[in-house]
Every structure is written in C-alpha cells, then in structure tokens.
Amino acid sequence: PWQPMRRKARPNDKRRILVEPGDIHTRRTQDVSDRVIVFAVDASGSTALARLAEAKGAIEILLAEAYSRRDHVALISFRGDAAEILLPPTRSIVQTKRRLAALPGGGGTPLAAGLRAAYETLDQATRKGMAPTLVILTDGVANIALDGEPGRAKAGEDALEMAKALRIQNAPIILIDTARRRQPLAQDLSTALAARYVAMPRADARKMATAVAGALE
C-alpha cells in the first residue's frame, strides 16, 4: 500500500519496488537456557581469613549483577576434609548472601572434593537444561585427598583427576588464584580444566568481581 504514495512522491524513480530503510527488519534470537554461575570457594586454613573475606565480597558484587540478569547462582564450599554444596542453583540473592555470610574458614584444603562437588552441580544443572559457568576461588594448595587422608602429593593427583573429569562437562570455567605466590598446582589445574586463569595475589573484592564479569562476557 505504500508503493503508490512513494511513486507519487518520487516520480523520477524508475525502480519496480521502492524500498526504504524502515522497511528492513531483523529478528534477533536469544538463548533461552537459564545460566547458572557456580561458585566453588576455598574456605580452608591455607586461605587467610582476609582473603576469604575478599572472596565473599566479590561474590556479593557478582550476585547483585546476576540478580539483575536473572541468572541462577550456586555456592560450594570446601574446607576440612570435605566439600559442601551450601546452595543449589537459586535466584534468591537473600538466601545466598545469608549462606555466604555464615561460611566458616579454617582446616585442610580438600580441593579434589570441591571439584567433585562442582562436577555434580554442573552435571545436574546441564541435565535440567541450564547453561552453567564455574568460578573457582582457591590458592591452589591442596593437602587433603578424596578419601579424606592428608598428604599433598595424593591430594594434588586427585585434584588433577577431578579437573580432567570436569573438563568433559565442556562448561566455561574461571580459576581465580588467590595465592600470594603462584602455586604450580593452580596453573596445572587451569590447564587440565581448560579454564581461564586469573592470578589475584593482591586482589580486592571489586577486582575479583571485575575479572569474573569480564570472563563471563
């Protein structure tokens, strides 16, 4: 119906059909899979309480951003001789902050157990049609094996084996190394996980959050 009006307005235009920019429309599709950001936090004694506080602060900043995007978040803590899924995927920022604030610190570093819990969480999220991203905050000092026994050598081997299993999940992974001095295990884990490695020896909460947000984008 616009053609007679356009021909009248432009009598010298000899094209069969007069097309204007406003006639062109594009349709953009968006992945409808819910994204879930899984935080696996090293709360062991090897991570000083001040460092743990900065990690908590970074997660709180990211929680607010995730909430605005309607992302799900999940929280895993590993300390002592085991890992614990403190919070399965949720959109409740209040509940997550409450669990995070109550997160204790101290004890051994069961890094392999933390990675196993992350594997289980990612696997369940994928089965539910969600798109998971894993963020690991650790200083890379593992000293508790999967069987709960102390020993750095076996603990490191177990952590690397779990990292290889996690890689099969094919999910984006970010490893934030919070150690004052870089540990070989942290970099080896990053390679085994095919993760983005971010060294944060002097990081504060805002820098951690910015690094994770940049990786997510």
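Placed above this text is the structure.
A short tour of the structure in this document, coming up. (Residues numbered from 1 in each chain as written. Predicted model: local features only at pLDDT ≥ 70, side-chain atom pairs only at ≥ 80, totals over all residues. Heavy atoms only, no water.)

**Some points on the overall build of the protein chain**
Stage number 1. Scanning the protein chain for helices and strands turns up 7 helices and 6 strands.
Stage number 2. When its helices and strands are written in sequence order, the protein chain yields α-β-α-β-β-α-α-β-α-β-α-β-α.
Stage number 3. A compact globule built from 217 residues should have a C-alpha radius of gyration of about 17 Å, whereas the protein chain, at 24 Å, is more than 25% larger.
Stage number 4. Here the C-alpha coordinates of the protein chain stretch approximately 85 × 35 × 30 Å along the principal axes.
Stage number 5. Within the span of the protein chain, comprising 217 residues, buried residues form 45% of the whole.
Stage number 6. Nonlocal contacts in the protein chain, meaning residues at least 24 apart in sequence, comprise 70% of its contacts between residues at least 6 apart. (Helix = DSSP H or I, 4+ residues; strand = E, 2+ residues; numbered from the N terminus. Rg over C-alpha atoms; globule rule 2.2 N^0.38 Å. Buried < 20%, exposed > 50% of the residue type's maximum accessible area, 1.4 Å probe, protein only. Contact = heavy atoms within 4.5 Å.)

**So, helix 3 (residues 93-101)**
Residues three or four positions apart in an α-helix share a direction because the helix packs 3.6 residues into each turn.
Stage number 1. Of the positions making up helix 3, those classed as buried are I93, T96 and L100. Angular distribution of buried residues about the axis of helix 3 spans 65°; they occupy a single face of the element. Counted as exposed and oriented over 90 degrees from the buried face of helix 3: V94, R98 and A101. (Arc of directions from axis to C-beta.)

**Notes on the environment of A58**
Stage number 1. Assignment of secondary structure puts A58 in helix 2 (residues 49-69).
Stage number 2. Those residues within four positions of A58 in sequence are excluded, and the remaining contacts are A205, M208 and A209.

**Some remarks on the pairing of strand 5 (residues 173-177)**
Stage number 1. Buried residues dominate strand 5, accounting for 5 of its 5 residues.
Stage number 2. Burial along strand 5 is two-sided: I173, L175 and D177 and I174 and I176, pointing in opposite directions, are all buried.
Stage number 3. Bridge count for strand 4 (residues 131-138) against strand 5 is 5 bridges, and the pairing is parallel. Of the residues in strand 5, the one forming a bridge with L137 is I176.
Stage number 4. Handedness of the crossover joining strand 4 and strand 5 through helix 5 (residues 152-167) is recorded here as right-handed.
Stage number 5. In this structure, strand 5 lies alongside strand 6 (residues 196-199), joined through 4 bridges in parallel fashion. Opposite I176, over in strand 6, you have V198 as the bridge partner. (Pairing = 2+ DSSP bridges. Right-handed = clockwise from strand over helix to strand, strands pointing away.)

**Brief notes about the packing of helix 5 against helix 6 (residues 184-193)**
Stage number 1. Contact pair helix 5 / helix 6: the axes reach a minimum separation of 8 Å and the direction vectors enclose 25°. One finds that helix 5 runs roughly parallel with respect to helix 6. Note on packing geometry: the crossing formed by helix 5 with helix 6 is right-handed. Across the interface between the two elements, G156, A159, L160, A163, K164, L166 and R167 of helix 5 pack against L185, D188, L189, T191, A192 and L193 of helix 6. (Axes fitted to C-alpha atoms, helices over the stretch in contact; angles between N-to-C directions. Parallel < 35°, antiparallel > 145°, perpendicular 65-115°, else oblique. Left-handed = near helix turned anticlockwise from the far one by under 90°.)

**Considering the sheet that holds strand 4**
Stage number 1. Within the open sheet, the 6 strands sit side by side as 3-2-1-4-5-6. Their pairing is mixed. Two strands lie at the open edges of the sheet, namely strand 3 (82-90) and strand 6, each paired on one side alone. With strand direction ignored, the average angle separating the axes of adjacent strands in the sheet is 15°.
Stage number 2. Here strand 1 (residues 35-42) pairs with strand 2 (residues 72-79) via 7 bridges, running parallel. Among the inter-strand pairings, A40 is bridged to a residue of strand 2, identified as I76.
Stage number 3. Sheet strands touched by helix 3: strand 2 and strand 3. Its angle to strand 3, the strand with the most contacts, is close to 165°.

**Concerning empty space enclosed by the protein**
Stage number 1. One pass over the full model with this rule turns up 3 cavities of 30 Å³ or more.
Stage number 2. Reported here for the largest cavity is a volume of approximately 50 Å³.
Stage number 3. Every residue along the wall of the largest cavity is listed here: L63, A66, Y67, D71, V73, T90, R91, S92, I93 and T96.
Stage number 4. Ranked by residues supplied to the lining of the largest cavity, first place goes to helix 2 with 3 residues. (1 Å grid on protein atoms, 1.4 Å probe; cavity = no way out; pocket = protein on both sides within 12 Å on 5 of 7 lines; lining within 4 Å. Points joined across faces, edges and corners; volume = space filled by probe spheres on them.)

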